[in-house]
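Results of the structural survey
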Amino acid sequence: MVEWVMSELLQHKAVSEKVMEELTEVVGMNNMVEEHDLPKLTYLDAVIKETFRLHPPLPLLVPRCPSQSATIGGYKIPKGSKVFINIWAIQRDPQLWENPLQFKPERYLENPGFDFSGNNFIFLPFGSGRRICAGVPLAERMLKYVLAALLHSFDWELPEGTELEFSDKFGIVVKKVKPLVAIPRPKLSKPELYQ
Ligand code: HEM
């Protein structure tokens, strides 16, 4: 996920600038990111959510197998079927999302009803219900902390002559085909902060 977020930020300069502005305001150029800064980083939070929408690591969740037959949305689902929920498609559905292919973190600022609880059925990167991902609190905090630290401490750019590449490889877990290579340049005010 770190790789996808970094790739989207390198692709969308205006979004990246907003993330940097927020980090400078909340953390300051004389400090490293600390855990207590994280709840104040609302724009970074929106960037992470938008990346989860477009690049869900488990696009079909974990298959369900109903113990009883049911009819859902007019479709009969016999008991014992293997049911896959295609959240990749749901999270890009033009009937549910305005301009679904556009990378637009502002959607979550305008509508705060999006989180990782699995209660909003158009946004389910960690699944939903009783078998929702058990690691949500850890994944959410670690991802935000690592990204905030990398983005606040360094300016990032692509090696000369290279281009961003967004293709992914389908599987139980979806990965980037080509790993992102980016060059960090320290930007904090004092070199001691990096020790
Ligand atoms: C980017 C990070 C992660 C993503 C996107 C993710 C996503 C998911 C998804 C989609 C499911 C299936 C939920 C469902 O079908 O409703 C799942 C299950 C699960 N995840 Fe995660 N996960 C992440 C990180 C973690 C971490 C860090 C842990 C543990 C420390 C973890 C532990 C689990 C466990 C134990 C289950 C099975 C839960 C059950 O079946 O009851 N995950 N995860």
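Since we're looking at a predicted model, the values are computed, not measured. Residue positions are given per chain, counting from 1 as you read along its sequence in written order. Totals for whole chains, interfaces and linings use all residues, but because this is a predicted model, local features are given only for residues with pLDDT of at least 70 and pairs of side-chain atoms are given and counted only at 80 or more. Side-chain calculation: all heavy atoms of the structure are included, whereas hydrogens and water are not.

1. With respect to the overall build of the protein
Which entries qualify depends on this criterion: Going along the chain from the N terminus, every DSSP run of H or I of four or more residues is numbered as a helix, and every run of E of two or more is numbered as a strand. Exposure classes here rest on a 1.4 Å probe applied to the protein chains alone. A residue is buried below 20% of its type maximum, exposed above 50%, and partly exposed in between. Contact definition: two residues touch when any of their heavy atoms are within 4.5 Å. Per-residue and other accessible areas follow the Shrake-Rupley method at a 1.4 Å probe size, with only the shown protein chains counted as cover for residues. Positive charges come from Lys and Arg, negative ones from Asp and Glu, while His and the chain ends are left out of the count. We put the charge of a Lys on NZ, of an Arg on CZ, of an Asp on CG and of a Glu on CD.
From N to C terminus, the protein includes six helices and six strands. Reading the protein from its N terminus to its C terminus gives the helix and strand order α-α-α-β-β-α-α-α-β-β-β-β. Counting over 195 residues, the protein shows a buried share of 34%. Put simply, 68% of the contacts in the protein that link residues at least 6 apart link residues at least 24 apart. As displayed, the protein offers around 11,900 Å² of accessible surface, 57% of which is attributable to carbon and sulfur atoms. Taking the average place of the 23 positive charges on the side chains of the protein and the average place of its 24 negative ones, the gap between the two points comes to 11 Å.

2. Some words on a nonpolar patch on the surface
Stated formally: Patch membership requires more than 30% relative accessible area and the absence of a salt bridge. Residues of like charge join within 9 Å; the nonpolar side chains Val, Leu, Ile, Met, Phe, Trp and Tyr join within 5 Å. Salt bridges are identified by distance alone: a Lys or Arg side-chain nitrogen within 4 Å of an Asp or Glu carboxyl oxygen.
A cluster of nonpolar side chains, namely L138, M142 and V146, defines an oily patch on the protein surface of about 270 Å² accessible area. Topologically, L138 is positioned in helix α6 (residues 136-153). Residue L138 is classed as exposed on the basis of its relative accessible area, which comes to 60%.

3. Looking at the side chain of S128
Basically, it comes down to this: Think of a polar contact as two N or O atoms within 3.5 Å of one another; within protein, one of them needs to be a possible hydrogen donor and the other a possible acceptor, and neighboring residues in sequence only count if both atoms come from side chains.
Among the structural elements, S128 can be located in the loop between α5 (106-110) and α6. There is a polar contact of 2.7 Å between the side chain of S128 and the backbone oxygen of G118. Look past the residues within four positions of S128 in its chain and what remains in contact with it is R64, G118 and F121.

4. Things to note about helix α1 (residues 2-11)
The buried fraction of α1 is high, at seven of ten residues. When we look at burial in α1, the residues that qualify are W4, V5, M6, S7, E8, L9 and L10. The secondary structure elements touched by the buried residues of α1 are α2 (13-26), α3 (42-54), α6, β3 (154-157), β4 (168-169) and β5 (175-176).

5. Things to note about the site of the ligand
What counts here: Neighbouring residues are identified by heavy atoms, a residue being near a molecule or strand if any of them is within 4 Å of it. Gly counts as polar in this scheme, as do all residues outside two lists: the nonpolar Ala, Val, Leu, Ile, Met, Phe, Trp, Tyr, Cys and Pro, and the charged Asp, Glu, Lys and Arg.
Taken together, 17 residues are adjacent to the ligand, and R64, G127, S128, R131 and C133 come closest. Interatomic distance of 3.1 Å between a backbone N/O atom of S128 and an oxygen atom of the ligand. Between the ligand and R131, the relevant distance is 2.7 Å, taken from an oxygen atom to a side-chain nitrogen or oxygen of the residue. Along the lines of polarity and charge, the residues of the shell around the ligand split into twelve nonpolar, three polar and two charged.

6. Examining the packing of α1 against α2
This is how it is decided: Interaxial angle, 0 to 180 degrees, is taken between N-to-C directions of lines fitted to C-alpha atoms, where a helix line uses only the stretch in contact. The scheme is simple: roughly parallel for angles under 35 degrees, roughly antiparallel for over 145, roughly perpendicular for 65 to 115, oblique for anything else.
For the pair α1 and α2, interaxial distance at closest approach is 5 Å and the crossing angle is 110 degrees. It follows from the interaxial angle that α1 and α2 lie roughly perpendicular. Seen from α1, the contacting residues are L9, L10 and Q11; seen from α2, they are K13, V15, S16 and V19. For the contact of α1 with α2, the per-class residue count stands at four nonpolar, two polar and one charged.

7. Thoughts on the packing of aromatic side chains
What describes a pair of aromatic rings is the distance from one ring centre to the other and the angle between the planes of the rings. The line we're drawing: Classification of ring pairs rests on two measures: the distance between centres of Phe, Tyr or Trp rings, Trp counted by its six-membered ring, which must be within 6.5 Å, and the angle between planes, read as stacked under 30 degrees, edge-to-face over 60 and tilted in between. Any Lys NZ or Arg CZ that is within 6 Å of a ring centre and within 35 degrees of that ring's normal is treated as a charge sitting over the ring.
Inspection of every chain in the model, using the stated rule, returns 13 aromatic pairs. Seen from their ring centres, F116 and F126 are 5.0 Å apart, and the 65 degrees between their planes marks the pair as edge-to-face. Of the two residues, F116 is situated in the loop between α5 and α6 and F126 in the loop between α5 and α6; the sequence distance between them amounts to ten residues. Each member of the pair, F116 together with F126, is buried. Across from the ring centre of F116, 5.9 Å away, lies the NZ or CZ of K49, which sits over that ring.

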